[in-house]
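Inside the fold
Residues per chain are reported as follows:
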Amino acid sequence: MILKVLKSILNVKSRPACYIMKKLSTSVTDEVILEKIGNKGVITLNRPKALNALNLPMIRKIYPQLKVWEADPTMKMIIIKGTGEKAFCAGGDIRAIALATKNGDPLTEDFFREEYQLNFLTGSFPYVALIDGITMGGGVGLSVHGQFRVATERTVFAMPETAIGFFPDVGGSHFLSRLPGKLGLYLALTGFRLTGHDVVKAGIATHFVNSSRIKTVEEDLIRMDSPSTQEIDKLLCKNQEQSIIEKKDFVLKHALGKINTLFEGDSLKVVIENLTKDNSEWAKQQLQILAKMSPTSLKVTFHQLELGKSMTLQECLKMEYRISQRFMKGHDFYEGVRSVLIDKDNKPVWKPATVEDVSDHIIEEYFALLSKDKELVL
């Protein structure tokens, strides 16, 4: 599923009449639509054929408008959503970024710097993300740091970066490290996908509504005169109560014991040893999954989540920017994107090829400070 979503991203080259809307220098053909509706701001990601994948021009439209709204004392809420029925936002435009690594293109610096600045800004005011559909990578960064994340039965959450020679960025160090037990580490290393109400049960989404109610939720939010955080929560809870939620256990309930036990340890090496010693069918499956991932990505991911536990979001994003720039200069990111999305042979050749070959010195270099003029400013 994750690989299909990534491939879909890269293969792409009506409101109620009662609302008075102000389109902010956009048209319906734009990749992102920005509107001011009374004292609310509405951001619509508008690349449905590309699963609303985030690119640099979109970031450069959203960020300055958010800064304007942040400075406007009359603004009471921001709502962000995606067009189409398949995705909120399936990630960033990683094909363009991977190709830029071959040409020394400044896109490899600009995209991550400006994306992370946008991620940080989303936590500045009442912010409601309607994550109806695929929400991965960059889409997670546009939603998870806001106060409210509303999932539906169509929501598919994943951070699949280790499969393409990258790492769970956009603040992954912060929010994944704060999920219960070792769940965040498990999701980060394996790229396991959560769907529907399980996204709420995991602590990633804050509320759930049926997709058939998502438009009603948006309209209800816009009708609120001067909403407080408590009033927004009350409205979302009311819509959740009116939704049909399938009564079933959390998809990982049966595995949480093993996740919390076997993914415990002070290194990735210990986790692999734990899984090997356990020798259960579930443990063998996890070893098979991890064996497909970039060894460098796995070790970087383990270390970033360990550090992220005690960091603020701001500190995490600064750290992740350093890591991103090292991946842009390394081998595995381009190789991972090539194998999955460019040549599509699904046969990445990782360098180094094994976890054992990825030395601690290599990992330390990924986390080292950049030159002062290259550091991320938030």
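Note that the structure is predicted; figures quoted are calculated from it, not measured.

1. Some points on the nonpolar core
Ile43, Leu45 and Leu187 are the most contacted members of the largest nonpolar core, which totals 93 residues. At 7 residues, the largest contribution of residues to this core is made by helix H15 (residues 313-329). Setting aside residues up to four positions removed in sequence, leucine 45 forms contacts with Glu31, Val32, Asn52, Met58, Ile62, Ile80, Lys81, Gly82, Thr83, Phe88, Cys89 and Leu142. Among the nonpolar cores identified, the runner-up in size contains 17 residues, and Ile37, Ile214, Ile222 and Leu236 belong to it.

2. Observations concerning the sheet that holds strand E10 (residues 194-195)
If you trace the 4 strands from one edge of the open sheet to the other, you get E5-E7-E9-E10, paired in mixed fashion. The open sheet has two edge strands, strand E5 (87-89) and E10, and neither has a second partner. For strand E9 (residues 156-158) and E10, the ladder comprises 2 bridges, and the chain directions are antiparallel. If you follow valine 156 over to E10, its bridge partner there is threonine 195.

3. Quick notes on the side chain of arginine 322
Locating arginine 322 in the fold gives a position in helix H15. On the basis of relative accessibility, which here comes to 14%, the residue arginine 322 falls in the buried class. Excluding its chain neighbours within four sequence positions, the residues that come into contact with arginine 322 are Tyr366, Phe367, Ala368, Leu369, Leu370 and Glu375.

4. Quick look at the pattern of salt bridges
A pair can form between side chains of opposite charge whenever their charged atoms are brought close. The final tally for this structure, using the stated rule, is 26 salt bridges. Note that glutamate 218 and lysine 215 form a salt bridge whose closest N and O atoms lie 3.3 Å from each other. Here lysine 215 and glutamate 218 lie together in helix H9 (residues 214-223), a separation of 3 residues that amounts to about one turn. Of the charged contacts in the structure, one is a salt bridge between glutamate 375 and arginine 322, with a shortest N-O distance of 2.8 Å. With glutamate 375 in the segment after helix H17 (360-367) and arginine 322 in helix H15, the pair connects residues that are 53 residues apart, well separated along the chain. We classify glutamate 375 as buried; its relative accessible area is 17%.

5. Description of helix H16 (residues 332-342)
Across the 11 residues that make up H16, a large majority, 10, are buried. Taken together, the buried positions of H16 are Asp332, Phe333, Tyr334, Glu335, Gly336, Val337, Arg338, Ser339, Val340 and Leu341. Trailing H16 by a residue or two, lysine 344 shows a phi angle of about 60 degrees, which is positive.

6. Quick notes on the confidence of the model for the chain
For the chain, per-residue confidence averages 93 on the pLDDT scale, and 92% of positions sit at 70 or higher. Taken together, the stretch residues 9-20 has pLDDT below 50 and engages in 31 contacts with residues farther than four places along the chain or on a different chain.

7. Focus on the pairing of strand E4 (residues 77-82)
Looking along a regular strand, one sees the side chains alternate between the two faces of the sheet. Summarising burial for E4: 5 of the 6 residues are buried, a large majority. Pairing analysis gives 6 bridges linking strand E3 (residues 40-45) to E4, with the strands arranged parallel. What sits directly across from valine 42, in E4, is isoleucine 79. Each parallel crossover has a hand, and the one from E3 via helix H2 (residues 56-71) to E4 is right-handed.

Quick notes on the rules
Residues numbered from 1 in each chain as written. Predicted model: local features only at pLDDT ≥ 70, side-chain atom pairs only at ≥ 80, totals over all residues. Heavy atoms only, no water. Core = buried A, V, L, I, M, F, W, Y, C linked by side-chain atoms within 4.5 Å. Buried < 20%, exposed > 50% of the residue type's maximum accessible area, 1.4 Å probe, protein only. Helix = DSSP H or I, 4+ residues; strand = E, 2+ residues; numbered from the N terminus. Contact = heavy atoms within 4.5 Å. Pairing = 2+ DSSP bridges. Salt bridge = Lys/Arg side-chain N within 4 Å of Asp/Glu carboxyl O. pLDDT = per-residue confidence, 0-100. Right-handed = clockwise from strand over helix to strand, strands pointing away.

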